[in-house]
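Breakdown of the fold
Here's the letter readout for the chains.
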Amino acid sequence: MVELMSTKRCLVPLHWVLLPVLLPVSPVLAQQQAVDFNPLAQVALAELRETNTPGAAVAIVSGDRLVFAKGFGRDNIETGTPVTPDTLFRVGSVTKMFTAAVLVTLANADHIKLDEPIGKYLSGLNAKLSVVTVHQLLSHTAGMTDESPPDYGSHDDSALAAYVRSLKTDHFFTEPGRIFSYSNPGYDVAGLLIEELGGRSYADVMSDRLFAPLGMSRTTFRPTVAMTYPLSQGH
């Protein structure tokens, strides 16, 4: 699978679509190349037309084998460049699953305890934020409000820490642990924990602890790296 991670915070609109189609594929049939994927291709094209989506890439894995990969539509409505299986896409908030996975690996390595207040690991936080636990951040039960970060301002490696330490009491609407409520800022805080514990930038720690071990060699949080590959545009 090839993809581009935008950032922890979903900064750009997505122009890909998840197709609500599950096709059970027998490994034996796949090896014999006896599976007809034309119906899937037709569903993909119909979905693009119905949702006015410029392009998408679809892949099917059976066991440990890639048995189908095809691009549909265009990755840029201005240039008309076709989507291919090698096109990189922004995946937005799917990043949250990867962030949680890395924090759990850090917990398994005894670098952090998921049920302890994050103030034990991060300095300079608002007093109310410092008592939230890692588990509450990851499970969206910290009582924090939701917001999308602005597209302007600093976006270098120092921006994450500056943003998290700017969060105040008004970023909470209820006490931690009471209810589930989706929060982007909560995962910004989780990302800063990864930076502090890993001793490097969020992007670098994610590559070291998750992407590289999984063989995700073209997954990156670095836009300048992504631009060296075929890259879809957010429409």
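Let me begin by describing the structure that accompanies this report.

Analysis parameters
Residues numbered from 1 in each chain as written. Predicted model: local features only at pLDDT ≥ 70, side-chain atom pairs only at ≥ 80, totals over all residues. Heavy atoms only, no water. Axes fitted to C-alpha atoms, helices over the stretch in contact; angles between N-to-C directions. Helix = DSSP H or I, 4+ residues; strand = E, 2+ residues; numbered from the N terminus. Parallel < 35°, antiparallel > 145°, perpendicular 65-115°, else oblique. Contact = heavy atoms within 4.5 Å. Nonpolar A, V, L, I, M, F, W, Y, C, P; charged D, E, K, R; others polar. Buried < 20%, exposed > 50% of the residue type's maximum accessible area, 1.4 Å probe, protein only. Arc of directions from axis to C-beta. Pairing = 2+ DSSP bridges.

1. Looking at the packing of helix α7 (residues 184-198) against helix α8 (residues 202-211)
Close contact between α7 and α8 brings their axes to 9 Å; oriented N to C, the two are set at 75 degrees. One way to sum up the angle between α7 and α8 is to call them roughly perpendicular. Here α7 contributes Gly191, Ile194, Glu195 and Gly198 to the contact with α8, which in turn contributes Tyr202, Val205 and Met206. Along the lines of polarity and charge, the residues of the contact of α7 with α8 split into four nonpolar, two polar and one charged.

2. Some words on α8
Among the residues of α8, those classed as buried are Tyr202, Ala203, Val205, Met206, Leu210 and Phe211. The buried residues of α8 occupy an angular sector of 160 degrees when the element is viewed end-on, so they sit on one face. Those residues of α8 that are buried lie in contact with α3 (95-108), α6 (159-164) and α7.

3. Focus on the environment of Phe72
With respect to the secondary-structure elements, Phe72 resides in strand β2 (residues 65-73). Residue class for Phe72 comes out buried when judged on its relative accessible area of 3%. As for Phe72 and Ala57, which are separated by 15 residues in sequence, their C-alpha atoms are 6.0 Å apart. If we ignore the near neighbours within four places in the chain, the residues touching Phe72 are Ala41, Ala44, Leu45, Leu48, Pro54, Gly55, Ala56, Val58 and Val83.

4. Notes on the pairing of strand β1 (residues 55-62)
Strand direction decides the pairing type here: β1 and β2, joined by eight bridges, are antiparallel. Pairing of Gly55 across the sheet is with Gly73, part of β2.

This is a description of form; function is not addressed.
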